[in-house]
Amino acid sequence: AAPGGGGCAPAGGGSVPVLFCFSVFARPSSVPHGAGYELLIQKFLSLYGDQIDMHRKFVVQLFAEGWVQADCHSAAFLKGEHCHGKHYLYFFFQITTLGNLTPSSTVFFCCDMQERFRPAIKYFGDIISVGQRLLQGARLLGIPVIVTEQYPKGLGSTVQEIDLTGAKLVLPKTKFSMVLPEVEAALAEIPGVRSIVLFGVETHVCIQQTALELIGRGLEVHIVADATSSRSMMDRMFALERLARTGIIVTTSEAILLQLVADKEHPKFKEIQNLIKASAPESGLLSKV
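Conventions used here
Residues numbered from 1 in each chain as written. Predicted model: local features only at pLDDT ≥ 70, side-chain atom pairs only at ≥ 80, totals over all residues. Heavy atoms only, no water. UniProt positions renumbered as here; feature names shortened; annotations may be inferred. Helix = DSSP H or I, 4+ residues; strand = E, 2+ residues; numbered from the N terminus. Buried < 20%, exposed > 50% of the residue type's maximum accessible area, 1.4 Å probe, protein only. Axes fitted to C-alpha atoms, helices over the stretch in contact; angles between N-to-C directions. Parallel < 35°, antiparallel > 145°, perpendicular 65-115°, else oblique. Contact = heavy atoms within 4.5 Å. Nonpolar A, V, L, I, M, F, W, Y, C, P; charged D, E, K, R; others polar. Salt bridge = Lys/Arg side-chain N within 4 Å of Asp/Glu carboxyl O. Pairing = 2+ DSSP bridges.

As annotated in an unreviewed UniProt entry, the chain is Isochorismatase domain-containing protein 1 from Myiagra hebetior. Quoted verbatim from the Sequence similarities (unreviewed entry) field of UniProt, the annotation for the chain is "Belongs to the isochorismatase family."

Engineer: I keep staring at unusual backbone geometry and nothing clicks. Help me out?
Structural biologist: Among all residues except glycine, the phi angle is most often negative; among peptide bonds, the trans geometry is most common. That bond from V201 to E202 is cis: its omega, -20°, falls within 30 degrees of zero. With respect to the secondary-structure elements, E202 resides in the loop between β8 (195–201) and α6 (203–216). Positive phi values are uncommon outside glycine, yet Y151 reaches one of about 40°. Considering the arrangement of structural elements, one finds Y151 in the loop between β6 (145–150) and α4 (152–155). By relative accessible area, which is 43% here, Y151 ends up partly exposed. In the Ramachandran plot, A262 falls in the positive-phi region, its phi being about 70° despite a non-glycine side chain. With respect to the helices and strands, the residue A262 is situated in the loop between α8 (253–261) and α9 (269–276).

Engineer: Explain the packing of helix α3 (residues 124–141) against α8 to me, please; I cannot follow it from the model alone.
Structural biologist: Packed helix pairs are characterised by how far apart their axes lie and by the angle those axes make with each other. At a closest axis distance of 10 Å, the pairing of α3 and α8 adopts a crossing angle of 10°. Regarding the angle of α3 to α8, the classification is roughly parallel. Residues V130, R133, L134, G137 and L141 of α3 form the contact with α8, whose own contacting residues are S253, I256, L257, L260 and V261. Classifying every residue of the contact of α3 with α8 gives 7 nonpolar, 2 polar and 1 charged.

Engineer: Help me understand the pattern of salt bridges in this model?
Structural biologist: When their charged atoms lie close together, side chains carrying opposite charge are able to pair. Tallied over the full model, the rule gives 11 salt bridges. In this structure, E202 and R231 form a salt bridge, with 3.2 Å as the shortest nitrogen-oxygen distance. Linking E202 in the loop between β8 and α6 with R231 in the loop between β9 (220–229) and α7 (233–245), this pair joins segments that are 29 residues apart in sequence. Between K264 and E265 there is a salt bridge, with its nearest N and O atoms 3.3 Å apart. In this structure E265 comes out as exposed when scored by relative accessible area, which is 60%.

Engineer: Would you explain the sheet that holds β6 in this entry?
Structural biologist: Strand pairing in a sheet relies on backbone hydrogen bonds, with the paired strands running either antiparallel or parallel. The strand order β7-β6-β5-β8-β9-β10 describes an open sheet built from 6 strands, whose pairing is parallel. Two strands close off the open sheet at either side, each with one partner strand: β7 (169–173) and β10 (249–251). If you compare each strand with its neighbour and ignore which way they point, the axes differ by 25° on average. Both β6 and β7 contribute to a ladder of 5 bridges, which runs parallel. Note on β7: the bridge partner recorded for Q150 is K173. Across the sheet, helix α5 (residues 181–188) is in contact with β5 (106–111), β6, β7 and β8; its angle to β7 comes to roughly 160°.

Pasting the structure below:
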């Protein structure tokens with residue numbers, strides 16, 4: 001099975017043996033000679049689909065007896081004209097980010113919402129307001145919260161309006177990314193963590209570097225657009241655009257909270273509904289610059 005519908009069949013057979021690899025798993029299968037990408041993806045998802053709901057790459061490995069170097073971009077190779085020995089062909093596919101959220105597999109990250117940033121960060125009062133409702137929602141739904149403070153000795157603690165009651169970890173830092181050894185240890189204590197909901201300041205510095213490190217560790221990241229800002233709206237805009245292109249989900253507080261309850265019959269739906277009854281402030285965060 002190869003790009004463009006071509007294939008490379010073993011001698012005397014109408015199908016191509018395929019080894020589907022994901023993470024530490026490898027499962028043999030086969031596809032008809034001449035099958036294309038669509039069937040490869042369908043087969044792969046039938047094997048591993050329940051383990052994938054984030055932006056990942058996977059490998060499809062085709063093999064036959066013997067070995068020969070082959071150029072996978074060669075039209076002759078795709079037609080199977082030079083398959084005289086064992087060969088391996090790797091295909092890398094991007095899995096679309098689905099962004100499913102469930103309370104049991106989600107952790108909230110609150111980044112550097114500190115007093116000294118109040119006069120400098122654009123619309124800081126608005127993102128404090130949205131941060132409050134996110135943390136209230138986390139408490140209602142039993143979602144762990146990890147909080148960092150950038151050099152609190154010089155920049156002050158988290159603003160008083162943000163209630164950190166019940167936070168799993170409140171940690172000082174000097175590194176821009178929140179992904180510190182203590183944070184990684186805290187995540188390791190929470191079984192089944194898959195998704196991180198991230199908000200705070202600054203979008204183009206600590207938020208961006210945290211998000212990139214988290215997806216590098218295989219976690220899905222949701223950045224709450226109405227709860228993150230920078231001193232410069234241009235820095236904020238281009239950071240969010242860059243992050244979205246990497247497969248990070250840029251979303252809103254209301255979307256996050258409603259996705260977490262998922263059903264009006266959820267026992268906490270009414271309380272979450274009360275949190276979002278008044279829409280989050282739109283402020284100037286909607287403007288491009």
